[in-house]
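Here is how the chains run, residue by residue.
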Amino acid sequence: MENWRENLVPNITVLPYKVLDVSDWSFEHLTSYHRFSEENKGIVLSDLVEFNPVKLDRNSVDAEKQYIYIDISSVSSEDGMILEPKYVLGSELPARATLKVRTGDVIVSSVRPERNTVAIIDKKFDGSIVSNSFVVLRPKKISSELLYFVLRSENVTERMSRLARGTIPTVKLKDFRELVLPSIEINEKNNDRAVNLYCDWVRTYRAAKTLAHIVEDCFIRHHLVNPSSNLNEDTLLYKALPYEQLGDRLDVGFYFTSNQKETQWLVVTQRLKNVVKNFRSGAAIPSKEYGEEGIPYVRIKDMDNNKITLQDAVFVSEEVAQQYPKSRLTAGNVLISRVGTIGKSALVTKEIEGAIVNQHITIVELNEEILLPEFFVLYLNTSWATEQFNQRASGSAQQFIKLGDIKELIVPVPNLQKQQEIVNDIMEKISENRLDSLRKEIAEFTEELMQ
């Protein structure tokens, strides 16, 4: 019992005097300065780069000109690549569009740093406008590529995460300036190796297949769709074979039994309305109801690669959400966009349950005894699904598709075992497509740097 006083006192770190020269006296901010004891043996980021070197001059913006705009949703956190930049008229640039970049700049998200959203600006994005959710770093004493790998390392991501504060964890610019990087050798050898690794990464990444390509290849390989024709309605029972496919036998038994196993062009299809329990619409919630916490309000821009991402999400209060019970999401729902970018899809997971969906999105509740949600959302990536959306789309200034037309979509419906087999096959191919060997080489390189 004599040590009870010690048990009441947590680990206390003696902080240097410079910590007192701050405006934020919150517990989280002060305790984050433990890096001065454990992490002060390194390089201060501000010694290596300029921060936000060019601000956007709004007076010079041409309202009729189209600009490349990069926000958080434009960058793949997993791969560190700018994949979906926006093309925005000057008159429609959002308030967050405040920074300009040039080739070689490195952008790092100040919001949710644990997601590791870092990218290099290459030539095609030179002069682009960037959201102030990023900090723009212009290297002075280090190559862009070496800085990129250091910032994306697990070590530095953890350091940045400890600096983040707020309901939506955010790192302030002054904390970025004081960020201490691990001790690394910045020399010609490491810079050259980083440049070569990054070039390999970009080249291999661009050569890798997209999700749509992987899905389409798999559907063809499983003979679920015929690559030379569109899907037909209902059940395909017969098909005319070209003359050059005829062999010695001409009897019906041959061409509709043994040959069927090879070509597998007999595909059962259904109208979507016949395999769905319910179609629901999203809710039109005015922007004045948006907040930084609460219930996620899912918009089309939050749907990416069959997933719902909340990196740039908006939220509404529970009180507002309760007004729209039919627009709330349940795990297994499939979302389909109906306005603007039509046919974009996403699968609702348990983590998103209870969220509200935007009015431009249709919620599809499938009959899972007939059609698996995972299979259906993958099918929506194929050219056959895309073609159906395009044929049914209306509008000139902005495309849209009516709910009635979505209900008439034709979907292949093999048995559940086959559907699961296809899902598993696609997931395996996606895993193989993730450039794992190159990722490992990059991880080993950054680990060597920080030893």
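Our structure is the block above this text.
Scope of this entry: the structure provided in the associated data block.

What counts as what
Residues numbered from 1 in each chain as written. Predicted model: local features only at pLDDT ≥ 70, side-chain atom pairs only at ≥ 80, totals over all residues. Heavy atoms only, no water. Buried < 20%, exposed > 50% of the residue type's maximum accessible area, 1.4 Å probe, protein only. Helix = DSSP H or I, 4+ residues; strand = E, 2+ residues; numbered from the N terminus. Polar contact = N/O pair within 3.5 Å; in protein donor to acceptor, adjacent residues only side chain to side chain. Contact = heavy atoms within 4.5 Å. Salt bridge = Lys/Arg side-chain N within 4 Å of Asp/Glu carboxyl O. Arc of directions from axis to C-beta.

**Observations regarding helix α4 (residues 144-151)**
Of all eight residues in α4, eight are buried, a share of seventy percent or more. Within α4, burial applies to Ser144, Glu145, Leu146, Leu147, Tyr148, Phe149, Val150 and Leu151.

**Describing the side chain of threonine 157**
If you trace the backbone, threonine 157 turns up in helix α5 (residues 154-163). Separated by 2.9 Å, the side chain of threonine 157 and the backbone oxygen of serine 153 make a polar contact. Among residues more than four places away in sequence, those in contact with threonine 157 are Pro113, Glu114, Asn116, Leu151 and Arg152.

**Here we look at the pattern of salt bridges**
For the structure shown, the criterion picks out 12 salt bridges. Salt-bridge contacts for arginine 193 lead to glutamate 448; the nearest nitrogen and oxygen are separated by 3.0 Å. Separated by 255 residues along the polypeptide, arginine 193 in helix α7 (residues 188-207) and glutamate 448 in helix α16 (residues 436-449) bring together distant segments of the chain. Taking the shortest distance from any N to any O, the salt bridge between aspartate 200 and arginine 203 comes out at 2.4 Å. In this pair, aspartate 200 and arginine 203 both sit in helix α7, three residues apart, roughly one turn of the helix. A cluster of three or more residues bridged by salt bridges with shared partners is formed by Arg221, Asp425 and Lys429.

**Some thoughts on helix α13 (residues 383-392)**
What α13 keeps buried is the set Trp384, Ala385, Gln388, Phe389 and Arg392. Taken around the axis of α13, the buried residues stretch over an arc of 140 degrees, which confines them to a single face. Elements that come into contact with the buried residues of α13 comprise α8 (211-221), β13 (269-271), β19 (334-337), α12 (373-379), α14 (403-407) and β23 (410-412).

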